[in-house]
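Structural description and commentary
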Amino acid sequence: MSVDVLVIGAGPAGLAAARAARRAGARVVLLDSSDVLGGQFWRQPLAGGSDADIRALQHKWDRFVALRRVLTDDPDCEIVTGAQVWAVDRRDDAPPVVHALVGPADGGDRRRRVFVPRALVLATGAHERTLPFPGWDLPGVYTAGAAQAMAKGEGVAVGKRVLVAGTGPFLLPVAASLLHVGATVVGVVEASSWRRIARGWVPRPHELRPKDLMSKSAELGGYVRALAARRVPYRTGAAVLAAHGDSRVTAVTVARIADDWTPRQGTEQRVEADAVCVSHGFVPRTEIAISAGCALAADGSVRVDEEQRTSVPGVYAAGEITGIGGADLALAEGEAAGRAAAGRAGGAAEVARHRAFADRMHSAHGIRPGWKAWVGDDTIVCRCEEVTAGQLRTVLAATETRGLRSLKLSSRAGLGICQGRICGRNVEDLLPDAPLDPGRTANRPIVVPVRLGEIAAPPVEREV
Amino acid sequence: MKISVTVDGERLGAVAGQTVAGLLMSRGRVSWRTTSRTGRPRGLFCGIGVCFDCLVTVNGLSDVRACQRRVADGDVVETGAVDER
Ligand SMILES: Cc1cc2nc3c(=O)[nH]c(=O)nc-3n(C[C@H](O)[C@H](O)[C@H](O)COP(=O)(O)OP(=O)(O)OC[C@H]3O[C@@H](n4cnc5c(N)ncnc54)[C@H](O)[C@@H]3O)c2cc1C
């Protein structure tokens, strides 16, 4: 089958892109490493969920069901799930060749497939960013997204007494999902102060369309009501400074923090909990885009024009990889990208509208530099190689390097199996001066660790 | 659909579609691996396949992400075994 438009990622952005490209008459192949469609936003159990669970845990579910039906019923849209894209090869003036392994996650005998698309839409989403703190490597410390994934995908609560902490509106649905799967949420701790949240969200309300405002506040209001009904305390201007326990978390220290997130001495409180779920925002998953040669914006996301074109001919990007903005923006961008990839114009206005929300979210909840004050010399920064902040500082002082690559080689931070995904941004921020090569930690020519035996085999097909 | 999976030599009932991490955590386990440098316990962290903290061995193949791999009937899962127990 010839591939007019290849879409990588079947979250809101990729699904919308696939549908828009099909509407414009292109033949589409949609790949996702997961074996269910929906991405992070519409994560659901493989076997499907009960109506009650879906109503409690999902948003805009009807929209998903409609998208999924249209695409799965369409013979000119091939959906390949369990398809891990592991590398791309650049071509001159054309989208890259895309290499995928298809089969059970990390399995040893997956099928190799190679695609040579006429246009490529990258919709690989984001992963969470968690700032390090003493004890964050203990079992029982999770990203908030992990708690959400376990609740939505497995119906499992990550703990019995759970604290949710970090920053951003995402903390609310996570707390609500935890309640739904039976956890006691001992509190939601938001780092931003009320003052900063208000300054970020409230000004110039006339710039937002009433319909959008209603829809967003209805969703957030729903979570707030769920938390209030269960008397879950919501605190602002505070942070988890440490997790305690021997072989797992038994308690955490929460303290007030200043506007720049520097902890306020003497405000520490100990909270008993067997799990703590922490989110400080999201990091775009840009490795495929970087390998394809796409230029990045200053914040490390993929740079696109108003029709979602990247700097590489024939390559488009949509959703969280172009900047963190949530599912509505991902849907709008996906639609525009799919249409443009199939050779049609339009869709930019919808995107601009949803960007306004994203900008507000960043000014209300962006990371502030004071967090470095809660990172001690023996706090682990790189979880894979177990490199502490003290070791990082020693290497910095000894080598006087500002280059991330040399720092990585001499300290081992970011050299482990996660390829610097978890520590990359944090290491960059811990350098005393701006690094020489920002974004360097996201350069991963091999997208995920693969088994040599699997990629040594000739591809099953080469699809042009 | 009910299936059966062996975890560290013990036969467990599981549900088709569960991930290995989902199965382990639904049984109350929080750690199932130790780090190579300092022997510290680890389990689930990111939940979406990016951190590689939750690795297990499935049917003899090591370095499988427990949060990504779905259990299949008859699977033999081996962990690095630590937990609070
Ligand atoms: C763990 C987690 C949970 C979240 N939960 C929520 C929530 O409940 N509510 C909410 O409003 N927002 C949530 N978010 C925020 C989320 O990023 C957006 O709401 C929305 O899902 C973004 O849509 P997207 O299409 O850009 O990306 P995603 O939905 O992340 O979709 C990206 C897709 O690309 C696939 N992919 C990535 N790399 C590859 C590769 N190399 N090969 C093949 N496939 C690949 C992934 O498997 C994924 O399905 C969550 C984020 C994370 C990280």
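Just so we're clear, the structure is a prediction, and the values are computed from it rather than from any experiment. (Residues numbered from 1 in each chain as written. Chains lettered and ligands numbered in written order. Predicted model: local features only at pLDDT ≥ 70, side-chain atom pairs only at ≥ 80, totals over all residues. Heavy atoms only, no water.)

**A short note on the sheet that holds strand β15 (residues 269–272) of chain A**
Residue and element names in this part refer to chain A. In space, the three strands of this open sheet follow the order β13-β14-β15, with antiparallel pairing throughout. Each edge of the sheet is formed by a strand with only one pairing partner; in this case those strands are β13 (238–244) and β15. Looking at each pair of strands side by side, their axes are set apart by 30 degrees on average, direction ignored. (Pairing = 2+ DSSP bridges. Helix = DSSP H or I, 4+ residues; strand = E, 2+ residues; numbered from the N terminus. Axes fitted to C-alpha atoms, helices over the stretch in contact; angles between N-to-C directions.)

**Description of helix α11 (residues 389–399) of chain A**
All names here are of chain A. If you check which residues of α11 are buried, you get A389, G390, L392, V395 and L396. In this structure, the buried residues of α11 make contact with β19 (380–382), β20 (387–388), α12 (404–411) and α13 (424–430). Where α11 ends, the next residue or the one after it, E400, has phi of about 50 degrees, a positive value. (Buried < 20%, exposed > 50% of the residue type's maximum accessible area, 1.4 Å probe, protein only. Contact = heavy atoms within 4.5 Å.)

**Points about the domain arrangement of chain A**
It is common to report an interface's size as the accessible area lost on association of the parts. What the domain assignment lists for chain A is domain 1 (5–127 + 282–361), domain 2 (131–277) and domain 3 (375–430). In this structure, domain 1 of chain A and domain 3 of chain A have C-alpha centres spaced 31 Å apart. (Domains from an automatic or database assignment.)

**Details of the environment of A:G140**
Residue and element names in this part refer to chain A. Secondary-structure assignment places G140 in the loop between β8 (126–128) and β9 (141–143). For G140, a relative accessible area of 0% translates into the label buried. Sequence separation between G140 and V158 is 18 residues; the distance between their C-alpha atoms is 7.6 Å. Leave out the neighbours within four places in its chain, and G140 touches V249, D274, A275 and V276.

**A look at the packing of helix α1 (residues 12–23) of chain A against helix α3 (residues 61–72) of chain A**
Residue and element names in this part refer to chain A. Interhelical geometry of α1 versus α3 gives an angle of 45 degrees and a closest axis separation of 10 Å. Considering their axes alone, α1 and α3 lie oblique with respect to each other. Considering how the two elements wind past one another, α1 and α3 form a crossing that is left-handed. Side by side, α1 and α3 meet where L15, A16, A18 and R19 of the first sit next to F64, L67, V70 and L71 of the second. Grouping the constituent residues of the contact of α1 with α3 by class yields seven nonpolar, no polar and one charged. (Parallel < 35°, antiparallel > 145°, perpendicular 65-115°, else oblique. Left-handed = near helix turned anticlockwise from the far one by under 90°. Nonpolar A, V, L, I, M, F, W, Y, C, P; charged D, E, K, R; others polar.)

**Overview of the sheet that holds strand β6 (residues 61–65) of chain B**
Residue and element names in this part refer to chain B. Spatially, five strands are ordered β2-β1-β7-β5-β6 in an open sheet, and the strand pairing comes out mixed. Each edge of the open sheet is held by one strand with a lone partner, namely β2 (10–15) and β6. Averaged over all adjacent pairs, the angle separating strand axes in this sheet is 40 degrees, with direction ignored.

**Considering the side chain of B:R70**
Here B:R70 shows up in the loop between β6 and β7 (76–78). Taking the relative accessible area as the measure of exposure, B:R70 reaches 16% and is therefore buried. Here A:D35 takes part through its side chain, which lies 2.8 Å from a polar atom of the side chain of B:R70. A polar side-chain atom of B:R70 sits 2.9 Å from the main-chain carbonyl oxygen of B:G17. (Polar contact = N/O pair within 3.5 Å; in protein donor to acceptor, adjacent residues only side chain to side chain.)

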